[in-house]
Each structure stands twice: as structure tokens, then as C-alpha cells.
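So the chains spell out like this:
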Amino acid sequence: MKAMIFSDLITSKNSFAQLLGMTLFVAIFIAAGTSTLVTSTACIAAMVPFMYLFSISAYDEQNGWERFRLTLPISRRQVAYGRYASMMAIVLIALVVSWLAGMAIGFVAENFFAEIAPRGLFLSEWSPLELFAVGVLAEAVIIIAAAVSLPLIMRFGMTKGSRLVPVIMVFAICMGVAFFSSGVDALDLEALISGEFDLMVAVAVILLAALAAYVISACISARLYETREL
């Protein structure tokens, strides 16, 4: 599995630098357009791993890496778990980068563009913990998206699997809407929004739920990839 992780990271090394630069550029414009620092932090945290997920899967088909791996002394199960591990490594890197970038954007806006920049971009308006929490929440969304997408990609490949991802995501959204329309009264959302619930506890619960779905997804993908014909 370690070989698979290093293979993914080395393969995406050059494109990752370009992706990160493009994401930072987009995040600055989003921060300026929305007049709030948290949007840029969430943008970087979400865009980098999400685009990595589909780009690394596309490389497999374009360069024939899937068939080449069958000649190596690694099992298909290790390939599947390695892909999930490399994805999680990128998620962690993006989380740290998004937090540092959010801090940097806030510092520059407050100290060099204080006369023209909106106060929502000032670092003093947001605590480091709040910026980190926003990044974690964005990563939780991406982890869930990866948990849905990877089994389809592992079973059908990038081309066919990507066609099914929107269908599954729309179905999940519909299920979520149905849940909230019927069960929202049971949740004390007003207390949550007003801050009576601890921020980090709420973030931790969401993150643990996303990680649980990710682990289950990895087990499913390993079984599907073992039975796939290449």
C-alpha cells in the first residue's frame, strides 16, 4: 500500500503545484467578492482535494496505470486502500495550507489594505480556531464526496464512474432535503446557530461521521476493485 501512496503523490506532484497556485488565485478573488475570510479558507480546503480526486483517477486511464499495476507485487486491495490513503494525505495537506493561506490573506488585508478592504477580511475579525474549523468542515464535505465517488470510480473507471457520481449526489441531496423537511423540528438549530453548542464539538462530530463513511467506502471499494475486469 505504501508503494501505491507514493506512486499517487509522485504522479500528481507537478499538477498539484499548479492546482495549488490556481486555487490560491481563485480564493483571493472569492474572499474579495464575498468580503469574508472564511470563504477563501473553505475554497482552498475544498478545491484542492476535490480536483486531485478526479485528476489522479483520470491519469490512471490516460496512461494505462491500472493495467500496469497488475504486473506489480501489490494486490488490488492494496491499490484501493492506497488510493484512499493518498486522498486523505492530500486532504490533510489542503487543510493546513487553507488555514495558513486564510491567516496570510487576513494579515495582508488588515495591515496593507485596511483603507479599502472590508472588515470581514481582517484577521482580527476571526480567530485562528474559527478559520481552522471552517477548513475542517469543508474537508468533511469533500471526504463524504470522495466516499461516494471512489467506489464508483474503482468499479467502473473514471469515465463511466464519473457519469454516475452526479446521479448519486443528487439522490443524496434529495434524501437530505426529505430528512430536514420531516425531522428538522427535532433539532435545536436555533441554539446551534446562536452558539450555545460548542463549535469544536460540532465540528468533531461532523468530521467523525465523514471519516466513518470514508472507512466504510474504502472497504466497499476494495471488494469492488477485486472483482473488476481490466
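Just so we're clear, the structure is a prediction, and the values are computed from it rather than from any experiment.

Section: the side chain of Ser40
Structurally, the position occupied by Ser40 is in helix α3 (residues 37–63). A polar contact of 2.8 Å, which involves the side chain of Ser40, links it to the backbone oxygen of Leu37. Leaving out residues up to four positions away in the same chain, Ser40 has contacts with Ala27, Ala31 and Ile105.

Remarks on the environment of Met87
Here Met87 lies in helix α5 (residues 76–112). Distance in space between the C-alpha atoms of Met87 and Leu53 is 6.8 Å, their sequence separation being 34 residues. Setting aside residues up to four positions removed in sequence, Met87 forms contacts with Pro49, Tyr52, Leu53, Ile142, Ala146 and Tyr214.

Looking at the confidence of the model for the chain
When pLDDT is averaged across the chain, the result is 79; 81% of the residues are at 70 or more. A low-confidence stretch, residues 179–194 stays under pLDDT 50, and its non-local contacts, those more than four residues away or across chains, total 9 contacts.

What about helix α1 (residues 2–11)?
One turn of the α-helix equals 3.6 residues, which is why residues spaced by three or four share an orientation. Buried within α1 are the following residues: Met4, Ile5 and Asp8. In an axial view of α1, the angular spread of the buried residues amounts to 100°, which keeps them on one side of the axis. Seen from the open side of α1, the exposed residues pointing more than 90 degrees away from its buried face are Lys2 and Ile10. Contacts from the buried residues of α1 go to α3, α4 (65–69) and α5.

Description of the packing of aromatic side chains
For the structure shown, the criterion picks out 4 aromatic pairs. Relative to Phe29, the ring of Phe25 has its centre 5.0 Å away and its plane inclined at 55°; by these criteria the two rings are tilted. Note that Phe25 and Phe29 are positioned in helix α2 (residues 13–34) at a spacing of 4 residues, about one turn of the helix. Each member of the pair Phe25 and Phe29 is classed as exposed. A ring pair is formed by Phe50 and Phe54, whose centres lie 5.2 Å apart and whose planes are at 70°; its orientation type is edge-to-face. Of this pair, Phe50 and Phe54 both sit in helix α3, 4 residues apart, which is roughly one turn of that helix.

Brief notes about a nonpolar patch on the surface
Residues Phe107, Val108, Phe112, Phe113 and Ile116 make up a contiguous nonpolar surface patch of roughly 550 Å² in combined accessible area. Along the polypeptide, Phe112 turns up in helix α5.

Concerning the pattern of salt bridges
By the definition in use, this model includes 3 salt bridges. Taking the shortest distance from any N to any O, the salt bridge between Arg77 and Glu226 comes out at 3.1 Å. With Arg77 in helix α5 and Glu226 in helix α8 (residues 199–226), this pair connects stretches of sequence that are 149 residues apart. For Glu125, the salt bridge identified is with Arg119, shortest N-O distance 2.6 Å.

A word on the side chain of Asp8
In this structure, Asp8 sits in helix α1. Within the structure, Asp8 has its side chain in polar contact with the side chain of Arg83 (distance 2.8 Å). In terms of polar contacts, Asp8 uses its side chain to reach the side chain of Ser86, at 2.9 Å. Leaving out residues up to four positions away in the same chain, Asp8 has contacts with Tyr52, Ile56, Arg69, Gly82, Arg83 and Ser86.

The rules behind each value
Residues numbered from 1 in each chain as written. Predicted model: local features only at pLDDT ≥ 70, side-chain atom pairs only at ≥ 80, totals over all residues. Heavy atoms only, no water. Helix = DSSP H or I, 4+ residues; strand = E, 2+ residues; numbered from the N terminus. Polar contact = N/O pair within 3.5 Å; in protein donor to acceptor, adjacent residues only side chain to side chain. Contact = heavy atoms within 4.5 Å. pLDDT = per-residue confidence, 0-100. Buried < 20%, exposed > 50% of the residue type's maximum accessible area, 1.4 Å probe, protein only. Arc of directions from axis to C-beta. Phe/Tyr/Trp six-rings, centres within 6.5 Å; stacked < 30°, edge-to-face > 60°. Patch = residues over 30% accessible without salt bridge, like charges linked within 9 Å, V, L, I, M, F, W, Y side chains within 5 Å. Areas by Shrake-Rupley, 256 points an atom, 1.4 Å probe, with all protein chains shown as cover. Salt bridge = Lys/Arg side-chain N within 4 Å of Asp/Glu carboxyl O.

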